[in-house]
Amino acid sequence: AQSVTQPDIHITVSEGASLELRCNYSYGATPYLFWYVQSPGQGLQLLLKYFSGDTLVQGIKGFEAEFKRSQSSFNLRKPSVHWSDAAEYFCAVGAYSSASKIIFGSGTRLSIRP
Amino acid sequence: DTEVTQTPKHLVMGMTNKKSLKCEQHMGHRAMYWYKQKAKKPPELMFVYSYEKLSINESVPSRFSPECPNSSLLNLHLHALQPEDSALYLCASSLLPGQGADTQYFGPGTRLTVL
């Protein structure tokens, strides 16, 4: 069965600084990986996804993520954060044969320091 | 358009009430989902509908009753809830049922409070 670990519960970065949120997955075959963002009291918005191909994936709002099979990681990055990026970020993994289920990590809360 | 809509946005109900949550999508998606999300936790899958048929029930108590009247609409009927059922209820949809790789698009959620 697949699983996802987000080791950082809470991260604070200064506005304009770079950001990297960590995500490690466990799955025997090629995983299907997602990053979602959730603002307080809101639903989840898809930032980007990786199914196959180029391991560097571009998403919305200036985010990107890199799939590294050797490290079982799919870290999310942004070169310069804005105050509006403060939110909860969830990494998720799905599998082609897992009957519509995706497994979410526990989330990383991002705070922005003015 | 990747929009999933949910109504109501907020709901307060007593433990003896009966209420329903509604979810709608017009993207032609054939899989629809209900999730429950407690504060500071990831979403927990409750139900999956594939081609308007219930395909996954994650051992959810019977006081939650899902319904999929057509391919665009998903309801969650609530009856005799407990205060611990207070949470954000999220609906999602995806194009292809039965494939965990398929992208799920989420609605804004219904904030439910049970008194």
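Residues numbered from 1 in each chain as written. Chains lettered and ligands numbered in written order. Predicted model: local features only at pLDDT ≥ 70, side-chain atom pairs only at ≥ 80, totals over all residues. Heavy atoms only, no water.

Draft legend 1. Expanded view of the overall build of chain B. Helix and strand counts for chain B come out as 0 helices and 11 strands. Rg of the C-alpha trace for chain B: 13 Å, near the compact-globule value of 13 Å for 115 residues, within the 12% margin. Partitioning the intrachain contacts of chain B with sequence separation of at least 6 by distance along the chain shows that 55% fall at a separation of at least 24. Counting every atom, chain B has about 5,300 Å² of accessible surface; 52% of that belongs to carbon and sulfur. If the 12 positive side-chain charges of chain B are averaged to one point and the 10 negative ones to another, these points end up 8 Å apart. (Helix = DSSP H or I, 4+ residues; strand = E, 2+ residues; numbered from the N terminus. Rg over C-alpha atoms; globule rule 2.2 N^0.38 Å. Contact = heavy atoms within 4.5 Å. Areas by Shrake-Rupley, 256 points an atom, 1.4 Å probe, with all protein chains shown as cover. Lys, Arg positive; Asp, Glu negative; His and termini not counted. Charge placed at Lys NZ, Arg CZ, Asp CG, Glu CD.)

Draft legend 2. View of the environment of Gly105(A). Tracing the chain through its elements places Gly105(A) in the loop between β11 (102–104) and β12 (108–113). With sequence-adjacent residues up to four places away left out, Gly105(A) is seen in contact with Val4(A), Gln6(A), Phe90(A), Cys91(A) and Pro42(B).

Draft legend 3. View of the state of the cysteines. For the coordinates displayed, the defined rule picks out 2 disulfides over all chains. Bridging Cys23(A) to Cys91(A), the disulfide has an S-S length of 2.0 Å. Looking along the S-S bond of the Cys23(A)-Cys91(A) disulfide, the torsion reads about -65°, which is the left-handed sense. Here Cys23(A), found in the loop between β3 (19–21) and β4 (24–26), pairs with Cys91(A), found in strand β10 (residues 87–94); they are 68 residues apart in sequence, far enough to count as distant. No difference in accessibility class separates Cys23(A) from Cys91(A), as the two residues are buried. In this model Cys23(B) forms its disulfide with Cys91(B); the gap between the sulfur atoms is 1.8 Å. The S-S bond linking Cys23(B) to Cys91(B) shows a torsion near -70°; that makes this disulfide left-handed. A residue pair is termed long-range when its members are at least 10 positions apart, and Cys23(B) in strand β3 (residues 18–25) and Cys91(B) in strand β9 (residues 87–94) qualify at 68 residues. (Disulfide = S-S within 2.5 Å. Buried < 20%, exposed > 50% of the residue type's maximum accessible area, 1.4 Å probe, protein only.)

Draft legend 4. Focus on the layout of surface pockets. Estimated volume of the largest pocket: approximately 510 Å³. Lining the largest pocket we find 23 residues, and of these Glu88(A), Arg109(A), Ala39(B), Lys40(B) and Lys41(B) sit closest to its centre. Listing elements by their share of the lining of the largest pocket, those giving two or more residues are β10 and β12 of chain A. The element contributing the most residues to the lining of the largest pocket is β10(A), with 3 residues. Here the residues of the lining of the largest pocket sort into 9 nonpolar, 8 polar and 6 charged. The space that makes up the second largest pocket amounts to roughly 280 Å³. Lining the second largest pocket are 16 residues, and of these Gly43(A), Leu44(A), Gln45(A), Leu46(A) and Phe106(B) sit closest to its centre. Looking at the lining of the second largest pocket, the elements that each hand over two or more residues are β5 (32–38) and β6 (44–50) of chain A together with β10 (105–106) of chain B. Ranked by residue count, the leading element in the lining of the second largest pocket is β6(A), at 3 residues. Its residues assigned to classes, the lining of the second largest pocket comprises 7 nonpolar, 7 polar and 2 charged. (1 Å grid on protein atoms, 1.4 Å probe; cavity = no way out; pocket = protein on both sides within 12 Å on 5 of 7 lines; lining within 4 Å. Points joined across faces, edges and corners; volume = space filled by probe spheres on them. Nonpolar A, V, L, I, M, F, W, Y, C, P; charged D, E, K, R; others polar.)

Draft legend 5. Examining the nonpolar core more closely. Judged by nonpolar contacts, the single largest core of 26 residues is most densely connected at Leu19(A), Trp35(A), Leu47(A), Leu48(A), Phe74(A), Leu76(A) and Tyr89(A). Elements that contribute at least two residues to this core include exactly β2 (10–14), β3, β5, β6, β8 (64–68), β9 (73–78), β10 and β12 of chain A. Here this core gets 4 residues from one element, more than from any other, and that element is β10(A). Once you skip the residues sitting within four places of it in the chain, Tyr89(A) turns out to touch Gln6(A), Leu21(A), Trp35(A), Tyr36(A), Val37(A), Leu47(A), Phe63(A), Leu76(A), Gly107(A), Thr108(A) and Leu110(A). Ranked by size, the runner-up nonpolar core spans 23 residues in total, among them Tyr49(B), Phe64(B), Leu81(B) and Cys91(B). (Core = buried A, V, L, I, M, F, W, Y, C linked by side-chain atoms within 4.5 Å.)

Draft legend 6. Spatial organisation of the side chain of Thr103(B). Looking at the secondary structure, you find Thr103(B) in the loop between β9 and β10. By relative accessible area, Thr103(B) is classed as buried at 3%. Within polar-contact distance, the side chain of Thr103(B) engages the side chain of Lys49(A) at 3.0 Å. Thr103(B) has contacts with Phe34(A), Tyr36(A), Leu46(A), Lys49(A), Phe51(A), Ser93(B) and Ser94(B), leaving out every residue within four places of it along the chain. (Polar contact = N/O pair within 3.5 Å; in protein donor to acceptor, adjacent residues only side chain to side chain.)

By themselves, these figures tell us nothing about what the structure is for.
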